[in-house]
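# Examining the three-dimensional arrangement
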Amino acid sequence: MAELNSDGGGGGKKGGKVRSKKQSTRVDMTPMVDLMFLLITFFMLTTTLAKPQAMDLAMPDKDDKNKDEQLDVADTRTMTVLLGSKNKIEWFVGLADNPISAPTVEDYGKNGIRKAIIEKSKDIKASTGKDMIVIIKPSDKSNYKNLVDILDEMKITNIKQYAIVDINTPEIELLKRDGVY
Amino acid sequence: MPRVKVPRKSTAIDMTAMCDVASLLLTFFILTATARQPEALTVDTPTSTVKIKLPESNIATITVGQGKVFFGVQGQPIRERVLQKMSERYKVPFSAEDIKRFSLMDNFGVPINQLKQVIDMKGADRNKEGLQPGIPVDSVAGAASQLHEWIYQARVATKEINDESLRISIKGDAKEEYPTIKKIIDILQKQKVNKFSLVTSMEGAD
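The name an unreviewed UniProt entry gives chain B is Outer membrane transport energization protein ExbD, with Arcticibacter pallidicorallinus as the organism. Under the heading Sequence similarities (unreviewed entry), UniProt records this for chain B: "Belongs to the ExbD/TolR family."

You'll find chain A entered in an unreviewed UniProt entry as Outer membrane transport energization protein ExbD, with Arcticibacter pallidicorallinus given as the organism. Taken from UniProt, the Sequence similarities (unreviewed entry) comment for chain A reads in full: "Belongs to the ExbD/TolR family."

Written as structure tokens, this is what we have:
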């Protein structure tokens, strides 16, 4: 028990002819280091990327007492975006019954609505000298993803003034007419 | 002239130091990583390009999916206070043990009169799919809906305990129909909460 293996490492000369070979204490650490860095990378990425993003949304103040008090905006610089079913968008500039630019059905994404928003905002900026206002009207047939997508487009196209407003009957009719309701 | 002999050096490097650093970092990341909490209602959040992270404290999350609404607020003291207030409000008694257990629940989705049964369950059983029917969002006979009360009491409790205003985030399923989301936005707007966050996952800008 208490006896130490005294002739172990040194290969003591006395007594025996048995020479134990001097073994190196070094271990090859390369695979260990590889594994460690792999794990580090994994934990680093999961801790920072797993945290969900938050998209801030400010809704217009809603007052139940004086409902009729609506803010009037010039129809020449408003673009109304109706969110229909089947991931389609219908947009027009101006009023629903008398649009300045005719209602167009569009897809989401960079070749669809984003192009239209960028073009129209340029036109409106050139003709009125003011920024475009976008009014988002989600219909009952649209889903939550559509809403987030269109809000995201607002961020991408850098539209500063936008609002989510309830849809009304003439606009639902418009969506029905174009088969996206 | 004698040739200068360049001593041949070994290519093996001592990796002990490197290994030390690596394990130190590894320990750090393992300890700081927060384990993923089990969710009673799994939702698939839509993607967006925003890069703002959700704060960790003073936040309430309204989870919406499959037409059900779940509610959860961060911080154990706040949860305890909220349940006490709700118990007074709806005259549903909860024992001190119930309140303690409730403060460990991340979120829940039952009407208040069934909440006690859910609290009494084991953690694993609670999150079974279809067990919790969701918090009622419709107002009954002119009284505010239960979700309205939960949000309101959570805001009051946060103000009392942390002296900060509660942030509200909506975590909706991508497939969720807009009218359900609208109901929740209306509930929030009724209490003059006009600013809130929508929880999304990451997407690269194209």
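Attention shifts here to the interface of chain A and chain B. Each partner contributes to the interface: chain A provides 37 residues, whereas chain B provides 44 residues. Among the elements of the structure, helix H1 (30–49), strand E1 (53–58) and helix H3 (144–156) of chain A are those that each provide at least two residues to the side of chain A that touches chain B. The element that contributes the greatest number of residues to the side of chain A that touches chain B is H1(A), accounting for 12 residues. Residue classes in the side of chain A that touches chain B are distributed as 21 nonpolar, six polar and 10 charged. Strand direction decides the pairing type here: E1(A) and strand E5 (residues 195–202) of chain B, joined by six bridges, are antiparallel. Looking at E5(B), one finds that Gln53(A) is bridged to Thr200(B).

The subject of this paragraph is unusual backbone geometry. In this structure, Asn87(A) takes a positive phi of about 55 degrees despite not being glycine. Secondary-structure assignment places Asn87(A) in the loop between strand E2 (78–83) and strand E3 (88–94). Judged by local crowding, Asn87(A) falls into the partly exposed class, with 16 C-beta atoms found within 10 Å. Positive phi outside glycine occurs at Lys192(B), with the angle close to 60 degrees. C-beta crowding within 10 Å serves as the criterion here: with 9 such atoms nearby, Lys192(B) is assigned to the exposed category.

Packed helices, taken two at a time, are described by the angle between their axes plus the distance between the axes. Residues and elements named next belong to chain B. It is the contact of helix H6 (residues 146–162) with helix H7 (residues 178–190), at a shortest axis distance of 10 Å, that shows an interaxial angle of 50 degrees. As summarised for this structure, H6 and H7 are arranged oblique, according to the angle between their axes. When you trace H6 past H7, the crossing you get is right-handed. Contacts between H6 and H7 pair Leu-147, His-148 and Ile-151 from the former with Ile-187, Leu-188 and Lys-190 from the latter.

Under the 1.5 Å per step criterion, the end-to-end length of H7(B) is 18 Å for 13 residues, consistent within 8% with the ideal 18 Å. Remark: Lys192(B) follows H7(B) within two positions and exhibits a positive phi of approximately 60 degrees.

Glancing now at helix H2 (residues 76–90) of chain B. An α-helical segment advances 3.6 residues per turn. Residues three or four places apart therefore align on the same side. Residues and elements named next belong to chain B. Across its 15 residues, H2 extends 21 Å between first and last C-alpha, which sits within 8% of the 21 Å expected from 1.5 Å per residue. The set of residues buried in H2 consists of Ile-78, Arg-79, Arg-81, Val-82, Leu-83 and Met-86. Contacts from the buried residues of H2 go to strand E3 (68–73), helix H3 (96–102) and H6. Looking one or two residues beyond H2, the residue adopting positive phi is Lys-91, at roughly 55 degrees.

Take the nonpolar core next. Note that soluble globular proteins tend to have their nonpolar side chains buried in a common cluster. Counting residues in hydrophobic clusters, the biggest one holds 66 residues, and the most contacted among them are Val81(A), Leu82(A), Trp91(A), Leu147(A), Ile151(B), Ala154(B) and Ile184(B). Sequence-distant contacts of Ile151(B), defined by excluding residues within four places in its chain, comprise Ala60(B), Ile168(B), Ile187(B), Leu188(B) and Gln191(B).

Residues and elements named next belong to chain A. Spatial ordering of the open sheet is given by E4-E3-E2-E5-E6, a layout of five strands whose pairing is mixed. Only two strands of the sheet have a single neighbouring strand rather than two, namely strand E4 (99–107) and strand E6 (161–164). Adjacent strand axes in the sheet meet at a mean angle of 20 degrees, parallel and antiparallel pairs treated alike. Here strand E5 (residues 133–138) runs beside E6; their pairing, made up of four bridges, is parallel. Bridged to Ile-135 within E6 is Ala-163. Each of E2, E3 and E4 touches helix H2 (residues 113–128); the most contacted strand, E3, lies at about 10 degrees to it.

The rules behind the values
- Residues numbered from 1 in each chain as written.
- Chains lettered and ligands numbered in written order.
- Predicted model: local features only at pLDDT ≥ 70, side-chain atom pairs only at ≥ 80, totals over all residues.
- UniProt positions renumbered as here; feature names shortened; annotations may be inferred.
- Contact = placed C-beta atoms within 7 Å.
- Helix = DSSP H or I, 4+ residues; strand = E, 2+ residues; numbered from the N terminus.
- Nonpolar A, V, L, I, M, F, W, Y, C, P; charged D, E, K, R; others polar.
- Pairing = 2+ DSSP bridges.
- Buried ≥ 20, exposed ≤ 12 C-beta atoms within 10 Å, placed from the backbone.
- Axes fitted to C-alpha atoms, helices over the stretch in contact; angles between N-to-C directions.
- Parallel < 35°, antiparallel > 145°, perpendicular 65-115°, else oblique.
- Left-handed = near helix turned anticlockwise from the far one by under 90°.
- Expected span 1.5 Å × (residues − 1).
- Core = buried A, V, L, I, M, F, W, Y, C linked by C-beta atoms within 7 Å.

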